[in-house]
Amino acid sequence: MTSGADTKTSIRSSEVKLQEEKRRLVLLQESLTRSNVLTSGMVSTLDNFERKLESLDELVTPVYEATNELGFLLNNVDRSLSLVDSILHFYEICSELQTTVSSGPGGNLAEYLLELDRLQDAVKYFKSTTSVSERERVVQLFGLGRQRLVEETDKLILRYANPLSPKELIELCEMSETNRNNIHTMQEVDMGNLRMIIQWFISHGFRQGLIDSYATKRGMMIRRSLQLLAEHLGKQAIRRGSTNVIMQSPNMLQSSLSAADATKRSGKIFGDMGRRFMRPSGSSTLPRGGSSPASTSLSVIEDNAMFDSSDDRDTNNYKLLLDAFIILLQRDRDLLNYVFPTDLQALVFTKLIELPLVHMHEEAQRLCESIERLPQKLDSGKLAIYGIFSILRWFFQSRATFSKFYQESDVTRQQQFTTLSATFEHSAVTCLRAILEEVNSDASPLSQGGNVHPLTSHVLAFMEGLLIYQVTATIIASLFVQQEQRTSSGGLSGAEKGLYDLGAYFARLVRSLYGNLSKKVDGHTAPRLVRSLYGNLSKKVDGHTARTDTTIRSIFLLNNINYLLKRLEKSPLLALIQRCEPDFKSKYEADFQNTLNEYTKCYSSVIIPIHQMLEYDNNNRLSDAKLRDRDRETLKESFSLVNTAIDTIRQQSEQYIVSDADLRNRLRNEGKNIIVELYKNYYNKFAHKDFTKNREKYIRYEPRQLEIAIGKLFEHHS
């Protein structure tokens, strides 16, 4: 029952849904019919609108095309009229601008440049036409305008191209950098005009002629300023004198030092300015050796004062020229940076400095040649040589200043200034070589009394003075070694190699000193061992007996070796030399001892008769009582020989000069050690014997008296 009811209910529900769907289908069919009717009406309307648009297009298109054609024709007419106007303007421009261009820029440079641009357009036009006459007129007028512009440029440059007077240039060197532009500097308006003209020329392809003109005129101004300054300094310069006599008396020495002081004072102003661009480290006075005796007429020359390069007026003047040169270049470089574009600045500056560089190079050549011709470089000429090293130090310390004139990429152009420094480098090497030759060829006589020879003093003074410029001297010494083709640096490089080479030069200079002095010794019977190393110092011995020769030779050697060692020990020279010759000092000390041994042989005239008398006594057994006649005569002769020998030694010592107190004491002590004890035995053994009634004649020296006499040797000149 229940199952049947459910089935009926399901059937009824399905029928209801079927009826509903049928109803909906009828509604859809009605909507479709209405839509078809509307679509047909819309299509009909659109077809009608399309037909009307086609009709309108057929009417409008011809009108539009006609309008475009008329617009194109009108544009052609306007362009043709403009072209005709411009062409007519090109034909009329010569007449229009003749007066303006001919008269030059005047005070309205910007408008003048615009007029020249118009002329250049006309030139370009006529170059493409066959109108020869008009082309020539326009080209000629444009050339005239360009010439007027060049003249205006020259006028602006020359307005500030008058050379500075020496007074103005010296004042410029003394001014601070911020105030240097107050003298003969270009006004801002003129700089602006010059810059505008230069830019116009460069943009129109005329840069080379302008560069040459600008650089030449400004370069001539700098050169002439430097020439006037050089002439001014030359008129004030003290002519460099030279002496032909090396050995001087104390009075002459005092006069020489006074003259040097006067020169130094007169050159102080230039020295101060010469140091403005470089700040060298302060130099201390180097120690000196013992002073020479003031009582001798021919004495060793002591350099009690160390002079800087400012003592040499010529080299100091050149440093002032260098300062002025740099200042003038700085001023012109600032102007050049303003008026020229960056890509042309290096080119213009390189051209600008050519003429001043030629002048500075000529001055450098003249200065170096005059110094190289000096006859006595170790003595009167050493200040000039120091001046060369001072100038080189200026160059080495001014490299940073030179590099600022150029861009970092202008490595090649930066070498322009090296031509100047190379001149002085070559001259410095030449002078170092000449110093060696001067020492080798020195032919001056032996200093009086065997004192320290002036040549020794001059050599040491020169080396000590050169240490003031040690950094520069090391560079030059390396160049010297390189030119001499001496391989002595032991694999060192840089500063160490320079110090090694400088020490090698100094060692060679000392060897040359003693090598030269040994030539005179070779002509005498000097001890072989002494001649082997320092025989040079004996070359000065002439006109003595063999024994006197030996003594004076020994005194001479001892004085010079002692002076050398002491002075080297008190200065940095010894450490510098020992870089290349570690046994330098020991060799000289050994030779000093050998020479001292040779000197003590002067007591042989006392020792020999004493030994002979002692030997006679050993053979004959002299009695303390009555003596034989032969014994008495032998004793008389022995005491006479001893007395004579002692007298001779004392007399000779009065002629010898031993300035150094330590050396005097050592020589006296050596004499005492050799003779006093021996003489005491001799005296005690024979003085009491009855061999003479005139004892004062034969027994003149008691042991104590002899010791005192030896202690007073060399006292006459001490």
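Residues numbered from 1 in each chain as written. Predicted model: local features only at pLDDT ≥ 70, side-chain atom pairs only at ≥ 80, totals over all residues. Heavy atoms only, no water.

### Observations regarding the pattern of salt bridges
- Counted according to the given criterion, the structure contains 23 salt bridges.
- Of the charged contacts, one joins Glu20 and Arg24 as a salt bridge, the two residues approaching to 3.7 Å between their closest N and O atoms. Of the two residues, Glu20 and Arg24 both sit in helix H1 (residues 2-103), four residues apart, roughly one turn of that helix.
- The class for Glu20 is partly exposed, based on a relative accessible area of 29%.
- Relative accessible area serves as the criterion here: at 45%, Arg24 is assigned to the partly exposed category.
- The shortest N-O distance in the salt bridge between Lys497 and Asp501 comes to 2.7 Å. Of this pair, Lys497 and Asp501 both sit in helix H17 (residues 494-521), four residues apart, which is roughly one turn of that helix.
- Classification of Asp501 as buried rests on a relative accessible area of 0%. (Salt bridge = Lys/Arg side-chain N within 4 Å of Asp/Glu carboxyl O. Helix = DSSP H or I, 4+ residues; strand = E, 2+ residues; numbered from the N terminus. Buried < 20%, exposed > 50% of the residue type's maximum accessible area, 1.4 Å probe, protein only.)

### Quick notes on a nonpolar patch on the surface
- Where nonpolar side chains cluster on the molecular surface, the patch consists of Phe49, Leu53, Leu56, Leu59, Val60 and Tyr64 and spans about 640 Å² of accessible area.
- With respect to the helices, strands and loops of the structure, Phe49 is situated in helix H1.
- The partly exposed category is assigned to Phe49, whose relative accessible area is 49%. (Patch = residues over 30% accessible without salt bridge, like charges linked within 9 Å, V, L, I, M, F, W, Y side chains within 5 Å. Areas by Shrake-Rupley, 256 points an atom, 1.4 Å probe, with all protein chains shown as cover.)

### Quick word on the packing of aromatic side chains
- Summed over the entire model, instances satisfying the criterion amount to 17 aromatic pairs.
- Aromatic pair Tyr386 and Phe462: ring centres 5.9 Å apart, planes at 15 degrees, arrangement stacked. In this pair, Tyr386 is assigned in helix H12 (residues 382-397) and Phe462 in helix H15 (residues 454-466), connecting sequence segments 76 residues apart.
- Ring centres 6.4 Å apart and planes at 85 degrees place the aromatic pair Tyr599 and Tyr603 in the edge-to-face group.
- For Tyr603, a relative accessible area of 2% translates into the label buried.
- The rings of Phe639, Tyr679, Tyr682, Tyr683, Phe686, Phe691 and Tyr698 are connected pair by pair, giving a single aromatic cluster.
- Seen from the ring of Phe349, Arg333 lies directly overhead, with NZ or CZ sitting 5.2 Å from the centre. (Phe/Tyr/Trp six-rings, centres within 6.5 Å; stacked < 30°, edge-to-face > 60°. Lys NZ or Arg CZ within 6 Å of the ring centre and 35° of its normal.)

### Quick notes on the nonpolar core
- Core analysis: the biggest nonpolar cluster contains 172 residues, and Tyr214, Tyr318, Phe424, Phe462 and Phe506 have the highest contact counts within it.
- Not counting residues up to four positions away in its chain, the partners in contact with Phe506 are Met463, Leu466, Leu467, Leu573, Leu576 and Ile577. (Core = buried A, V, L, I, M, F, W, Y, C linked by side-chain atoms within 4.5 Å. Contact = heavy atoms within 4.5 Å.)

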